[in-house]
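One letter stands for each residue in the lines below.
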Amino acid sequence: MPRLSEVIAALDALWPPASAEDWDAVGTVCGDPDQEVSRVLFAVDPVQEIVDEAVKLGADLLVTHHPLYLRGTTTVAASNFKGRVVHTLIKNDIALHVAHTNADRADPGVSDALAGALDLRVVRPLVPDPADADGRRGLGRVCELDHPLTVSEFAARAAERLPATAQGIRVAGDPEALVRTVAVSGGSGDSLFADVRAAGVDAFLTADLRHHPASEARAHSPLALLDAAHWATEWPWCELAAAQLDEISDRHGWDLRVHVSKTVTDPWNSHSPSPGAPN
């Protein structure tokens, strides 16, 4: 069995920590570099429900997309929920490793997995990484459909292919307009509207679209907006990442058992449509 330090080195090669945003908090949160790893669990959120799942599974390593301590902390006391997460992990000899914006920028990365879930052909990054001479890394992806769909048909595809959430897919735009090209960005994407407009695509699928940026984007152009749940747009990366680690394990003869959590950790758990609201 490999040591934690060997597995982390392999993960850092996939998602170099140096490529993360300056404000981000990626890397290993807890874990003994010398401990052996035989079972790994991938998930989006390092919340107690996921940690309990890792304990039940007998995992030695939990890899999440979202950081546990994005803005730092002065305590890991079990009197708060993040402290309880750390205590549970350490008591059960489970390491926690985070790949966030470094996984967003990777090739392949979070938005590649999102595009794959929607059967889109990736053309290029939406915001290329200037450090990548090959032009393959960066934030978001510009994609093409295999054949044109209406906005409503594409929204239905997204609702069917992405994990089910209470939100589903919100749409802004002419439901009968044709979509041939799409920009996608896993997670919050309304800071990318200028890049989306510059890409000249027919639609933009992302998460966490706020009122004013969305309203202004619609005023700029007939761009269709599809707003999915944040968790749902990033969960496909877990399957991609697990497959990547499986391949590394086979190559090194590690015989790791790699799992993906199907626990829905989207914070919204129900939806009541307004009477008479547009469908």
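You'll find the structure just up there.
It should be emphasised that the depicted structure is a prediction, and the values quoted were computed from it without experimental measurement.

**Comments concerning the overall build of the protein**
Inference 1: Summing up its helical and strand segments, the protein has nine helices and 11 strands in all.
Inference 2: Relative to the 2.2 N^0.38 estimate, which gives 19 Å for 279 residues, the radius of gyration of the protein is 19 Å and therefore close to what a compact globule would have.
Inference 3: If you line up the protein on its principal axes, its C-alpha atoms span 55 × 45 × 30 Å.
Inference 4: Long-range contacts, defined as pairs at least 24 residues apart, comprise 66% of the intrachain contacts of the protein with a sequence gap of at least 6.

**So, the pairing of strand β9 (residues 203-207)**
Inference 1: Counting buried residues in β9 gives five out of five residues, a clear majority hidden from the surface.
Inference 2: Alternating positions in β9 separate into two faces, A203, L205 and A207 on one and F204 and T206 on the other, with burial throughout.
Inference 3: Inspection of the sheet shows strand β8 (residues 178-188) paired to β9 by four bridges, in the parallel sense. Opposite V182, over in β9, you have A203 as the bridge partner.

**Overview of the environment of A59**
Inference 1: Among the structural elements, A59 can be located in the loop between α2 (48-57) and β3 (61-64).
Inference 2: C-alpha of A59 to C-alpha of V37: the two residues are 22 residues apart in sequence and 8.1 Å apart in space.
Inference 3: The contacts of A59, once residues within four sequence positions are left out, are R39, L41, A54 and I94.

**Observations regarding the packing of helix α5 (residues 110-117) against helix α9 (residues 230-252)**
Inference 1: The contact between α5 and α9 brings their axes to 7 Å, and the two run at 100 degrees. Between α5 and α9, the interaxial angle falls into the category roughly perpendicular. Contacts from V110, A113, L114 and A117 in α5 reach T233, E234, P236, W237 and L240 in α9.
Inference 2: Class assignment of the residues belonging to the contact of α5 with α9 gives a composition of seven nonpolar, one polar and one charged.

**Quick word on the side chain of D104**
Inference 1: By secondary structure assignment, the location of D104 is in helix α4 (residues 101-105).
Inference 2: Within the buried core, D104 has no salt-bridge partner, and the shortest N-O distance to an opposite charge, that of R105, equals 7.6 Å.
Inference 3: Only 3.5 Å separates the side chain of D104 from the side chain of H65, close enough to count as a polar contact.
Inference 4: Discounting chain neighbours no more than four positions away, the residues touching D104 are H65, V110, G138, L139 and R141.

Reading the values: rules and limits
- Residues numbered from 1 in each chain as written.
- Predicted model: local features only at pLDDT ≥ 70, side-chain atom pairs only at ≥ 80, totals over all residues.
- Heavy atoms only, no water.
- Helix = DSSP H or I, 4+ residues; strand = E, 2+ residues; numbered from the N terminus.
- Rg over C-alpha atoms; globule rule 2.2 N^0.38 Å.
- Contact = heavy atoms within 4.5 Å.
- Buried < 20%, exposed > 50% of the residue type's maximum accessible area, 1.4 Å probe, protein only.
- Pairing = 2+ DSSP bridges.
- Axes fitted to C-alpha atoms, helices over the stretch in contact; angles between N-to-C directions.
- Parallel < 35°, antiparallel > 145°, perpendicular 65-115°, else oblique.
- Nonpolar A, V, L, I, M, F, W, Y, C, P; charged D, E, K, R; others polar.
- Lys, Arg positive; Asp, Glu negative; His and termini not counted.
- Salt bridge = Lys/Arg side-chain N within 4 Å of Asp/Glu carboxyl O.
- Polar contact = N/O pair within 3.5 Å; in protein donor to acceptor, adjacent residues only side chain to side chain.

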